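Secondary and tertiary structure notes
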Amino acid sequence: MLTVPTNRRAFLAAAAGGALGGILPASLLHAQPTSGKTLTIVLPSNPITIDPINQLNHDAMVLGQTVFENLVEYDVDGVLKPQLAKALPTISADKKTYTFELRDDVTFHNGKKMTAEDVKYSFDYLLDPANKAARRSLFTRITKVTVLGPLQVQFELSEPYGPWLYFLTKYMGIYPAGSRKEHGDDYFKSRPAGVGTGFGVFEEWKPNDYISFRKNPNYWRKGLPHWDRLVVKMIPEDATRVAYLLTGQVDLISAPPPREFNRLKTMPGITGASRPTLGGALLMYTNNLKAPFDDVNFRKAVSAAIDRKTIGEKVYYGLLEPSAVPAPSRGWWFNAEADKELGFDLDKAKGLLAKSKYATGAEFDLSIQAEPYLLDTKDAAIFVQAQLAKIGIKVNLKVYEFSVLIQQAIRGEHQAALQVFMSPGEPSYIMQVCLTPEQVLSKSTGYNNPEFNQTLAAAFAETEETKLKESYGKLQALAARDAPIGVLGYVHASNLWRQTLQDVKVNQGLTIAPGEIKV
Amino acid sequence: MLRLIAGRIVSSIGTLLFVGLALFALTRSGPGSPARIVLGADATAEQIAQFEQAHGLDRPFLPQYAAWLGDVMRGDFGKSFVTGRDVATDIVNALPVTLSIVLFAFAIALVCGIGIGVFAALRPGGVFDRVSRFAAVLGLSIPAFWLGIVLIRFLAVDLRLLPPGGYAPLSAGLSLHLQSIMMPSLSLAVYYIAVLARMTQASLQETLRGDYVRTARAMGLSSRQVVFYALVNALPPVINLAALSFGYMFGWALIIEQVFNIPGLSRALLNAISQRDFLLLQGIVFLFTAIFVFANLGADLINRVLDPRQRATA
């Protein structure tokens, strides 16, 4: 029989105990509302869209890639593979016509079978300037998309341009013919239910909290996904993101804090891994048109004064792979000689500075980003400031928000700016965007070298890896000669997850790949 | 009295309009366009111009402000350029989250702050008074975000008593709701417990030293009655401070919601700032300003009810 304490002290103690009992257990707070297996993953940033043709943030691409798919994809090892196409395309002798055979077992989430008409519609919509797709500029060399049969589609390009296939993996998706007109752009942005072919069907977006997807029961890759529900939470604070993982509220987090990564991945119940990305570079946009970066010897002196190995090991705890050229050291196209030419050598740096217009030293402003994206660039900036001081160069650090910093770089208003730049991992992307004219970040360096431009154009028309390696090697040699841009290294993608998960593979392309994870 | 209340309401609305204007000017004076966020780094100058034209961002400043104010007066806060969502809906969805944390923190601060202050004032120089002074210095010195991280570490990660973050609405059950707001509210309240305790203690001690209190004691009123009357007289400055604290708490919630991953107004505000989401930014700051202004108005009115001398000047 229940007895009520009559003593005041005992009553208060019982009341307090009862109140605490009512509050516990805490694990109930995050119990999932649906039955079945739920995989909960965490992003550090707040996405603004699920629509792949307008997606800007590589972390958040997990959303678009859950719902939408493409003709081809990168696998987690960075290898290009067919996805909605049966095989990689056949390419004409003049490298201007690409023909895809489509899979015949793919249906959209609305139950409609995917055909070549849908592919044509998707690309025609992307390429129409009136639709203002943020990623249109990457595909403008496509002049015509033709339906050759129900499951065969052909693309014609204005000139040979191999990289476009790689951009499909990140910045494009296939949706049903007529769906944009039927639903409107906001639908694709924030609630794209029924319009994708991917393993996850959009369920709910709770702003500033989470976005959820349910399993696509008719997914063409039979047996996938291994969960019933995917919840993508947004947690910007490092310590909170880690606490969620340690307390079992979530299963997997991206972008763990570098200084804690090695400790956390050995904690009981937790594991983790990292791998270098082929497209995420820590760049210093050096404005070649503004003093003191208007002098090649000064630019090379700055490059030689930076100890990238220490930045990689001590500042970012192994999550930055040093490289002095616009190519990752693990990439097949990496030119080690060019890297050595620009690499750390303090005596060489002093000699180069002495040969420059600024032999007695110089001063410049280095713009850095306030909010971390992949890595906190402020850490590297402070280290660079100290290193350049050793050869008599004074660096003034200026902190700006991303939207301000990127506009400075686009307009060429800066002297130098430090930023992590994410690309699809395609070898030519960074060199094209930052080092050739009439590109979005051309003014970030102001570099325009006809020899460089011609070599890159020749690489666009090439598909054979040995010849491509030669072309990319030459481009890096030119970059070593002119030092038009500062490269500090390539970032690692890193994840931490609960040991109860199986088949987690860190994606070389940074975006988490949740489809094959077993809960 | 009515005329005074009407006057205060009018001046509060004037303050709001001025803040709205200043806010509007500030959001548009900074570098960076929402177009860059929406259209991305690859967008051309032409695309940026088209976006700004389509959303009225290229119009002169005053017509933009007048149009926005007119819409706000009709309860229409517009549609976000960045997310495409209705700003008023976003605010209405996030407001209960922030309100529940701030109100709970405010209740903790009021009860604990005034309670500690009263007990400390009754025995000046006693053990409780000295301990509470020391605790107040600690409470004033500890940054709320740091306290939040410490609480997460001990109560969530080590002891597993409370969740590390997130928010459960009241509809999910009282227990779950309390779990989710306990640590954020406590982190937010500690500073204001200290502030209110110090003010209550000082004000009550000064009142208890008054001649009329000595007279009341001499006339044989019980200690409890004397303290009650003294407390009523000591409360006006505490109420003013509490009203200010209530307004400030919305500001501090900015950091607390970030630490505890709470999808409230402040999280929405931080995202609006970083994404240059002007309409959402203006809507939330306008609302915070209104809360601050009307909390002060409320404090003034309560003080006039409590203090006959203030009513006499009305």
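None of these values were measured; they are calculated from a predicted model.

1. Re the interface of chain A and chain B
On the side of chain B, 48 residues touch chain A, which itself brings 44 residues to the contact. Across the chain A to chain B interface the summed buried area is about 4,000 Å²; carbon plus sulfur atoms make up 58%. Linking chain A with chain B are one salt bridge. Its salt-bridge partner being B:Lys79, residue A:Asp186 comes within 3.2 Å of it at the nearest N-O pair. At the junction of chain A with chain B, the criterion picks out seven residue pairs in polar contact (both at pLDDT 80 or more). Broken down by secondary-structure element, the contributors of at least two residues to the side of chain A that touches chain B are α1 (8-23), α6 (185-190), β10 (229-234), α7 (238-246) and α14 (402-411) of chain A. Per-element accounting of the side of chain A that touches chain B gives the leading share, six residues, to α14(A). When grouped by side-chain class, the residues that make up the side of chain A that touches chain B number 26 nonpolar, ten polar and eight charged.

2. Quick look at the confidence of the model for chain A
All names here are of chain A. When pLDDT is averaged along chain A, the result is 90; 93% of the residues meet or exceed 70. Confidence, read as mean pLDDT per element, is least for α1 in chain A (43) and greatest for strand β7 (residues 152-157) (98). Contacts from residues 1-6, a stretch scored under 50 in pLDDT, to residues over four places away or in other chains number three contacts. Under a pLDDT of 50 for its full length, residues 8-34 has, in the predicted model, 33 contacts with residues more than four places off or in other chains.

3. Concerning the environment of A:Leu346
All names here are of chain A. Considering the arrangement of structural elements, one finds leucine 346 in helix α12 (residues 346-355). Classification of leucine 346 as partly exposed rests on a relative accessible area of 24%. Separated by 131 residues in sequence, leucine 346 and lysine 215 have C-alpha atoms that sit 56 Å apart. When near neighbours in sequence (up to four residues on either side) are disregarded, leucine 346 contacts Ala304, Ala305, Lys390 and Ile391.

4. Overview of the sheet that holds β7(A)
Residues and elements named next belong to chain A. Read from one edge of the open sheet, four strands run β4-β5-β7-β6, paired in antiparallel fashion. Strands with a single pairing partner mark the edges of an open sheet, and in this sheet they are β4 (90-91) and β6 (142-149). When strand β5 (residues 97-101) meets β7, the two strands line up antiparallel, connected through five bridges. Each residue of the ladder has a partner; that of threonine 99, found in β7, is glutamine 154. The strands touched by helix α3 (residues 116-127) within the sheet are β6 and β7, with β6 carrying the most contacts at an inclination of about 165 degrees.

5. Focus: the nonpolar core
Of all hydrophobic cores here, the largest spans 145 residues; its most connected members are A:Phe100, A:Phe123, A:Phe139, A:Phe155, A:Trp164 and A:Leu441. Once residues within four sequence positions are removed from consideration, A:Phe100 is found in contact with A:Leu71, A:Val72, A:Ala85, A:Ala87, A:Pro89, A:Leu151, A:Gln152, A:Val153, A:Phe155, A:Trp164 and A:Leu165.

6. Points about the pairing of strand β12 (residues 270-286) of chain A
All names here are of chain A. Most of β12 is tucked away, with 13 of its 17 residues classed as buried. In this sheet, strand β17 (residues 486-498) lies alongside β12 in antiparallel orientation, the contact comprising eleven bridges. Its bridge partner being in β17, isoleucine 270 is matched across the sheet by arginine 498. When β12 meets strand β16 (residues 416-422), the two strands line up antiparallel, connected through seven bridges. Bridge pairing in β16 links alanine 281 to phenylalanine 421.

7. Points about the packing of helix α9 (residues 296-304) of chain A against α12(A)
Packed helix pairs are specified by the crossing angle of their axes together with the interaxial distance, meaning the distance between the axes. Residues and elements named next belong to chain A. Contact geometry of α9 with α12 gives a least axis separation of 8 Å together with a crossing angle of 165 degrees. Here α9 lies roughly antiparallel to α12, going by the angle between them. Considering the relative orientation of α9 and α12, their crossing is left-handed. Along its contact with α9, which presents Asn297, Phe298, Lys300, Ala301 and Ala304, the element α12 presents Leu346, Ala349, Leu352, Leu353 and Lys355. Tallied by class, residues from the contact of α9 with α12 come to seven nonpolar, one polar and two charged.

8. Quick word on the environment of A:Ala130
Mapped onto the elements, A:Ala130 comes out in the loop between α3 and β6. Considered as a pair, A:Ala130 and A:Asp185 are 55 residues apart in the sequence and their alpha carbons are 12 Å apart.

Definitions and limits used
Residues numbered from 1 in each chain as written. Chains lettered and ligands numbered in written order. Predicted model: local features only at pLDDT ≥ 70, side-chain atom pairs only at ≥ 80, totals over all residues. Heavy atoms only, no water. Contact = heavy atoms within 4.5 Å. Buried area = accessible area lost by both parts, 1.4 Å probe. Salt bridge = Lys/Arg side-chain N within 4 Å of Asp/Glu carboxyl O. Polar contact = N/O pair within 3.5 Å; in protein donor to acceptor, adjacent residues only side chain to side chain. Helix = DSSP H or I, 4+ residues; strand = E, 2+ residues; numbered from the N terminus. Nonpolar A, V, L, I, M, F, W, Y, C, P; charged D, E, K, R; others polar. pLDDT = per-residue confidence, 0-100. Buried < 20%, exposed > 50% of the residue type's maximum accessible area, 1.4 Å probe, protein only. Pairing = 2+ DSSP bridges. Axes fitted to C-alpha atoms, helices over the stretch in contact; angles between N-to-C directions. Core = buried A, V, L, I, M, F, W, Y, C linked by side-chain atoms within 4.5 Å. Parallel < 35°, antiparallel > 145°, perpendicular 65-115°, else oblique. Left-handed = near helix turned anticlockwise from the far one by under 90°.

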